[in-house]
Amino acid sequence: MKTYFEEAREIPVRAEVDVLVVGGGPAGIMAAYAAARKGGHKVMLIENRGYLGGNLTIGLPILAFLGPKGNQVIRGEAQHFIDRLRERGAASEHKRCKNHMSMTIIDSEEAKNVAFEMMDEVGVDVLLYVFNSGAIVRDGKVTGVIIESKKGREAIFAKTVIDCTGDGDVAFQAGVECRKGDAEGGMQPPTLMYNMRNVDMPALRDAIVNHHDVFDMDVMPPEQFRDGVFITVGLRNQILQAQKDGLELPVSRTILITGLAEDEIWVNMTRVSGVDSTDPASYTYGEKTAHKQIKLVTEYLRRYVPGFANAYIDKVAPFMGIRESRVIVGKYVLTAEDVLSMKHFGDVIAVAGYPVDIHHAKGGDCTMLFTEDAYDIPYRVLLPEKIEGLLVAGRCSSMNHEAMAGTRVMSTCMALGEAAGTAARIALEDGVLPSAVDVCKLQKELLENGAYLG
């Protein structure tokens, strides 16, 4: 590979803040709000898109606010976010779901509005359309980042940085050890969601509920689909028949998600194996391939699934939903054994109930490993093993391939974001590094804000 030597140059410092949150997705919104909600500290949130929300804006339901036993395990600021949406008719209730513990449908456009309103409410300085392109590290401590925009290169200095990029970008740039995928490097494939309208919902419900011997739903009981919001995971026979008839479908199951409107379905059926979201060429290939897959999936739905004969594509998500990329190696690496044994930790800062849900790196199927109850996530997974001044929240926190398959859902990422933002503020108040935060004090404040810690 050819290289080019970039000469050193002075760049302007755009801002100096107390807490800088990089990435405005589910974890980033919660982190910024938690860091700023008590006032007294300058908090900045940067995002490369023209809105906030990340995966909250691509048509996905929020899974697993409830745990395996039906109790609510994700509360705190994540629940406050849902409450704000419900006040304007933009979120459903948390509905029990056998496969996914629970599902909560939200209006993706209203989620953007609520996110902006929350940031304004507590005085977070939001900067959009900027890319984080490098971490500033001094004496083993992250002290800021370099950003790129149409204005050029600039620096932002911060006493604490929270990486909520999903891909662990800041951590990677700072030299934190990061890993990807399973033992062979295989990562869960991404999906490009899209929305269909004019779906004959009574016909779809009737097929699943009253003809489940034909229109099977894997392990989910037909009664679950009689009313209210739902997710389908099944119709394997229909997929097989379509493939026999020559349709090259990328998945082995039909995954459909109701929207808030009566005739609305979000389709979770594109899948592009081998995509690495940290490589722009790979990511580009994924987006192009997924758009082609949408045509095939839509043809399948219209021909083989009741209710879709006259449905049409209303909108396509603005970007692919990434299930897996980098994760950091932190002071503790959460494992599948921790999840499946429902392990408890003294430094618990969030409780999760979603199963280990691995979309296979190759092929179109999935493996799900369920637990009888919820499991703890310790504070140490937010802390890089060696680098100071940095917290990492979301699906890029310190977890192995299997554990991340359970903790990657948005509800858990929101809880981790709130914990990271709260910890960053406590560190400033107490004059210590995030790695030295009094965890009992952190837990006390999370509980006071309504979080559930078991």
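Residues numbered from 1 in each chain as written. Predicted model: local features only at pLDDT ≥ 70, side-chain atom pairs only at ≥ 80, totals over all residues. Heavy atoms only, no water.

### Quick word on the overall build of the protein chain
Okay, step 1: Along its length, the protein chain carries 11 helices and 21 strands.
Okay, step 2: Whereas a compact globule of 454 residues would reach a radius of gyration of roughly 22 Å, the protein chain reaches 22 Å, a difference of no more than 12%.
Okay, step 3: For the protein chain, the spread of C-alpha atoms along the three principal axes comes to 65 × 55 × 40 Å.
Okay, step 4: The buried share of the protein chain, taken over its 454 residues, is 61%.
Okay, step 5: Restricting the contact set of the protein chain to residue pairs at least 6 apart, pairs at least 24 apart contribute 72%.
Okay, step 6: Carbon and sulfur atoms form 50% of the exposed surface of the protein chain, whose accessible area is close to 18,100 Å². (Helix = DSSP H or I, 4+ residues; strand = E, 2+ residues; numbered from the N terminus. Rg over C-alpha atoms; globule rule 2.2 N^0.38 Å. Buried < 20%, exposed > 50% of the residue type's maximum accessible area, 1.4 Å probe, protein only. Contact = heavy atoms within 4.5 Å. Areas by Shrake-Rupley, 256 points an atom, 1.4 Å probe, with all protein chains shown as cover.)

### Re the pattern of salt bridges
Okay, step 1: What the rule picks out here adds up to 30 salt bridges.
Okay, step 2: Two residues, arginine 326 and aspartate 169, come together in a salt bridge whose shortest N-O distance is 2.9 Å. You can see arginine 326 sitting in strand β16 (residues 326–328) and its partner aspartate 169 sitting in helix α4 (residues 169–173), a full 157 residues away along the chain.
Okay, step 3: Put simply, Lys38, Arg425, Glu429 and Glu445 are held in one network by salt bridges that share partners. (Salt bridge = Lys/Arg side-chain N within 4 Å of Asp/Glu carboxyl O.)

### A short note on empty space enclosed by the protein
In this approach the atoms are scanned with a rolling probe the size of a water molecule, which exposes any empty space left behind.
Okay, step 1: One pass over the full model with this rule turns up 1 cavity of 30 Å³ or more.
Okay, step 2: The calculated volume of the largest cavity comes to roughly 80 Å³.
Okay, step 3: Forming the walls of the largest cavity are 14 residues, and the residues nearest its centre are Ile349, Ala415, Glu418, Ala451 and Tyr452.
Okay, step 4: Those elements that place two or more of their residues in the lining of the largest cavity are β17 (348–352) and α10 (410–430).
Okay, step 5: Taken together, the residues of the lining of the largest cavity break down into 11 nonpolar, 1 polar and 2 charged. (1 Å grid on protein atoms, 1.4 Å probe; cavity = no way out; pocket = protein on both sides within 12 Å on 5 of 7 lines; lining within 4 Å. Points joined across faces, edges and corners; volume = space filled by probe spheres on them. Nonpolar A, V, L, I, M, F, W, Y, C, P; charged D, E, K, R; others polar.)

### Some remarks on the sheet that holds strand β5 (residues 101–104)
Okay, step 1: Here 3 strands make up an open sheet; going across it, the order is β3-β5-β4 and the pairing antiparallel. Either end of the sheet is taken by a strand with one partner, and the two such strands are β3 (62–63) and β4 (95–97). (Pairing = 2+ DSSP bridges.)

### A few points about the packing of aromatic side chains
Okay, step 1: In total, this model carries 3 aromatic pairs according to the counting rule given.
Okay, step 2: Pairing phenylalanine 225 with phenylalanine 230 gives two aromatic rings, centres 5.3 Å apart and planes at 70°, and the pair type is edge-to-face. Of the two residues examined, phenylalanine 225 and phenylalanine 230, each falls in the buried class.
Okay, step 3: Between tyrosine 332 and phenylalanine 345, the ring centres sit 5.2 Å apart and the planes meet at 70°, which makes this aromatic pair edge-to-face. (Phe/Tyr/Trp six-rings, centres within 6.5 Å; stacked < 30°, edge-to-face > 60°.)

### Re the sheet that holds strand β13 (residues 254–258)
Okay, step 1: Taken in spatial order, the 5 strands of this open sheet run β12-β13-β14-β11-β15, and their pairing is antiparallel. Looking at which strands have only one partner, the edges of the open sheet turn out to be β12 (231–234) and β15 (312–316). The sheet shows a mean angle of 30° between the axes of neighbouring strands, direction not considered.
Okay, step 2: Where helix α7 (residues 280–304) meets the sheet, it contacts β11 (194–197), β13, β14 (265–267) and β15, and its direction lies at approximately 30° from that of β11. (Axes fitted to C-alpha atoms, helices over the stretch in contact; angles between N-to-C directions.)

### Things to note about the nonpolar core
Okay, step 1: If you look at the biggest cluster of nonpolar residues, it comprises 136 residues, and the most contacted ones within it are Phe81, Tyr300, Leu301, Phe308, Tyr379 and Leu382.
Okay, step 2: Ranked by residues supplied to this core, first place goes to α10 with 11 residues.
Okay, step 3: Discounting chain neighbours no more than four positions away, the residues touching leucine 382 are Ile349, Leu390, Leu391, Val392, Ala393, Ser397, Leu416, Ala419 and Ala420.
Okay, step 4: Formed by 24 residues, the second largest nonpolar core is a distinct cluster that contains Val17, Ile46, Leu127 and Ile156. (Core = buried A, V, L, I, M, F, W, Y, C linked by side-chain atoms within 4.5 Å.)

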